[in-house]
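Given next are the chains, with one letter for each unit.
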Amino acid sequence: ITNHLPTAELQRLDAAHHFHPFTDKAGLAAKGARVITRGEGVWLTDSEGHRIIDGMAGLWCVNIGYGRKELAQVAARQMEELAYYNTFFQTTHVPAIALAAEIAKLAPGDLNHVFFAGSGSEANDTNIRLVRRYWDVKGMPWRKTIIARWNGYHGSTMGGGSLGGMKPIHAHGGMIDGIAHIDQPYWWGEGGDMSEDDFGLARARQLEEKILQIGPDNVAAFIGEPVQGAGGVIIPPKTYWPEIQRICDKYGILLIADEVITGFGRTGNWFGSQTFGIKPHIMTIAKGLSSGYQPIGGSIVCDEVAEVVGGAGEFFHGYTYSGHPVAAAVALENLRIMQDEHIVEHVRDVAHPYLKERWDALADHPLVGEAKLVGLMGSIALTPDKAKRAKFPEAANVGYRCRERCFANDLIMRAVGDRMIIAPPLVITTGEIDILVDRAKKSLDECYQGLKADGLF
Ligand SMILES: Cc1ncc(COP(=O)(O)O)c(CNc2cccc(C(=O)O)c2)c1O
């Protein structure tokens, strides 16, 4: 089976044997999966030769863009030298040491210790164990509950999926114990007639209400994405995070920032915590850590938590691929390129300002109620009535229709409900931003025409 097989044959084999994530298997089999064959910069090529601009950097992860040969060379060299060894039994290797040191250098404050995993979900499962073990060692073994947000996303393992606040995920397989949720800081969809600032405070104060309801001595930690990604790029009001931070400090609960999407330049700083003034005890990382070239994730842990858990004998947790040498070597090369090519500065000083101007202008479109962007992650809310911030009927499937128009125009954008999302590779140029926004606008126009033709607008 190679790229040279006819697309239809590849699709048939895919339908026969490949169980896709988050997919209606039968529906896709009937339709045929799109076969992606190559990547270069912000561009993808599919088996039919379409040149697609990838507005989603894969799954929010290909920060340095596709096709960087340096990473392939580093992977090959590491594979030839030491393709695998574990870090379990009093052993280590240079890629794991060097990557942990580099992450500690880039991370803010006293986030100096890295527990590696193979993915963001696994890293969040590590975090559950870490914070519960921390309170165990502090003599409060009952202090286990972790508070998270509805419509947050923290992965698909039983732990990560339970921390997440997406009910369809909970419905498929259940949840683990000791997780509680509070409402999300989603002003457009849930703010009613409150001002954004008042709404941000109100939603943050739900954390204090929940802590008092559960009992402060039972709450181990709070976990949140600086900006909810898979939830629809929900950028919180500026009053939200300072209030969350104040409440965590007041009750002495550990604060976990899930930076799987917002980490490594996505918001215009190395970490989203810096953009939003959050001081976490633990940061979850993955995706942009390696730009998706190798599967790797981890937890960056502050001195205090590392000393308490690390000083209490063996911590019974870890994965075969924790700190995998090839993944670690590739991640290290990714971070070298990000620094040498000043990619975070490019986001902050060039790409974000340029995109913001054109992204904000989309709010003039009849379909668009709100256009928001932080760094290079953005969303537009589609609405039939801007003033009322109204929602389309679910059956209209507006997000899906709009995403299909994007695909037809060789642009990849994500639809989350009736919100359209972009998170392009951080290396996108101003010329490529023009192409992206032009194709997005054309897709919105076509979606609008379609809705009017179907009497939905
Ligand atoms: C904030 C956050 N935390 C944890 C994870 C889990 O990481 P892994 O997938 O590597 O286990 C994520 C992953 N985010 C993610 C993964 C897959 C699809 C989409 C989407 O928006 O369609 C988003 C994430 O966005």
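So, how was this worked out
- Residues numbered from 1 in each chain as written.
- Predicted model: local features only at pLDDT ≥ 70, side-chain atom pairs only at ≥ 80, totals over all residues.
- Heavy atoms only, no water.
- Helix = DSSP H or I, 4+ residues; strand = E, 2+ residues; numbered from the N terminus.
- Expected span 1.5 Å × (residues − 1).
- Buried < 20%, exposed > 50% of the residue type's maximum accessible area, 1.4 Å probe, protein only.
- Contact = heavy atoms within 4.5 Å.
- Near = heavy atom within 4 Å.
- Polar contact = N/O pair within 3.5 Å; in protein donor to acceptor, adjacent residues only side chain to side chain.
- Areas by Shrake-Rupley, 256 points an atom, 1.4 Å probe, with all protein chains shown as cover.
- Nonpolar A, V, L, I, M, F, W, Y, C, P; charged D, E, K, R; others polar.
- Axes fitted to C-alpha atoms, helices over the stretch in contact; angles between N-to-C directions.
- Parallel < 35°, antiparallel > 145°, perpendicular 65-115°, else oblique.
- Left-handed = near helix turned anticlockwise from the far one by under 90°.
- Salt bridge = Lys/Arg side-chain N within 4 Å of Asp/Glu carboxyl O.
- Pairing = 2+ DSSP bridges.

Trainee: Where do I start with helix α14 (residues 325-340) in this structure?
Mentor: Count 3.6 residues to each turn of an α-helix, and residues three or four apart come out pointing the same way. An ideal rise of 1.5 Å per residue puts 22 Å on 16 residues; α14 measures up with 22 Å between its terminal C-alpha atoms. In terms of residue burial, α14 counts as a mostly covered element, since 12 of its 16 residues are buried. For α14, the complete set of buried residues consists of P325, V326, A327, A328, A329, V330, A331, E333, N334, L335, I337 and M338. Where α14 is buried, its residues contact α4 (69-82), α5 (94-106) and α15 (343-361).

Trainee: What is the right way to look at the site of the ligand in this model?
Mentor: The full set close to the ligand counts 16 residues, and W60, G120, S121, D258 and R414 are the nearest of them. S121 places a side-chain nitrogen or oxygen 2.5 Å from an oxygen atom of the ligand. Out of a free accessible area of 540 Å², the ligand has 84% covered by protein chains. At the level of secondary structure, the elements contributing two or more residues to the shell around the ligand comprise α3 (57-60) and α6 (120-137). Sorting elements by how many residues they give to the shell around the ligand places α6 first, with 3 residues. Taken together, the residues of the shell around the ligand sort by class into 6 nonpolar, 6 polar and 4 charged.

Trainee: What exactly am I supposed to notice about the packing of α4 against α14 here?
Mentor: Helix packing geometry: the angle between the two helix axes and the distance between the axes. Look at α4 against α14: their axes get within 9 Å of each other, and the N-to-C directions meet at 150°. Looking at the two axes, α4 sits roughly antiparallel to α14. Handedness of the crossing formed by α4 with α14: right-handed. Contacts from E70, L71, V74, A75, Q78, M79 and L82 in α4 reach P325, V326, A329, V330, E333, N334, R336 and I337 in α14.

Trainee: Just to check I follow, could you spell out the environment of L332 for this structure?
Mentor: Within the element layout of this structure, L332 appears in helix α14. A residue is classified by how much of its surface remains accessible, and L332, at 24% relative accessible area, is partly exposed. Among all residues touching L332, those that are not within four sequence positions of it are A98, L99 and E102.

Trainee: So what exactly am I meant to see when it comes to the pattern of salt bridges here?
Mentor: Where charged atoms of side chains with opposite charge meet at close range, the side chains can pair. Applying the stated criterion across every chain yields a total of 29 salt bridges. With a closest N to O distance of 3.6 Å, K138 and E304 form a salt bridge. In this pair, K138 is assigned in the loop between α6 and β5 (145-149) and E304 in helix α13 (residues 303-310), connecting sequence segments 166 residues apart. Look at K138 and you get partly exposed, because its relative accessible area is 44%. The class of E304 is partly exposed, set by a relative accessible area of 32%. When the shortest N-O distance is used, the salt bridge between K441 and D445 registers 3.6 Å. Taken together, the residues K441 and D445, both in helix α17 (residues 430-453) and 4 residues apart, mark about one turn of the helix. Ionic contacts of the salt-bridge type, sharing partners, join the residues R205, E208, E243, R246 and K250 into one network.

Trainee: Could you clarify how one ought to interpret the packing of α6 against α13 in this entry?
Mentor: Where α6 contacts α13, the two axes come as close as 9 Å, and the packing angle between them is 65°. Considering their axes alone, α6 and α13 lie roughly perpendicular with respect to each other. The two elements α6 and α13 meet at a crossing, and its hand is left-handed. Two secondary-structure elements touch here, α6 through L130, R133, Y134 and V137 and α13 through E304, V305, V308 and V309. Here the residues of the contact of α6 with α13 are counted per class, giving 6 nonpolar, no polar and 2 charged.

Trainee: Would you mind showing me how to read the environment of A331 here?
Mentor: Topologically, A331 is positioned in helix α14. Classification of A331 by relative accessible area gives buried; the value is 0%. Along the primary structure A331 and A286 are separated by 45 residues, whereas in three dimensions their C-alpha atoms are 9.8 Å apart. Not counting the four nearest positions on each side in its chain, A331 is found in contact with L99, L289, S290 and I296.

Trainee: Is there a simple way to think about the sheet that holds strand β14 (residues 414-416) in this case?
Mentor: Strands in a sheet are paired, the pairing made by backbone hydrogen bonds, and the direction either parallel or antiparallel. Strand order in the open sheet made by the 4 strands is β11-β12-β15-β14, with antiparallel pairing throughout. Strands with a single pairing partner mark the edges of an open sheet, and in this sheet they are β11 (368-374) and β14. Neighbour-to-neighbour, the strand axes of this sheet turn through a mean angle of 20°, independent of strand direction. Judged from the 6 bridges that link them, β11 and strand β12 (residues 377-382) form a sheet pairing that is antiparallel. Following the sheet pairing, K372 is matched in β12 by S379. In the packing of helix α16 (residues 398-408) onto the sheet, the strands contacted are β12, β14 and β15 (419-422), and the crossing angle to β15 comes to about 40°.

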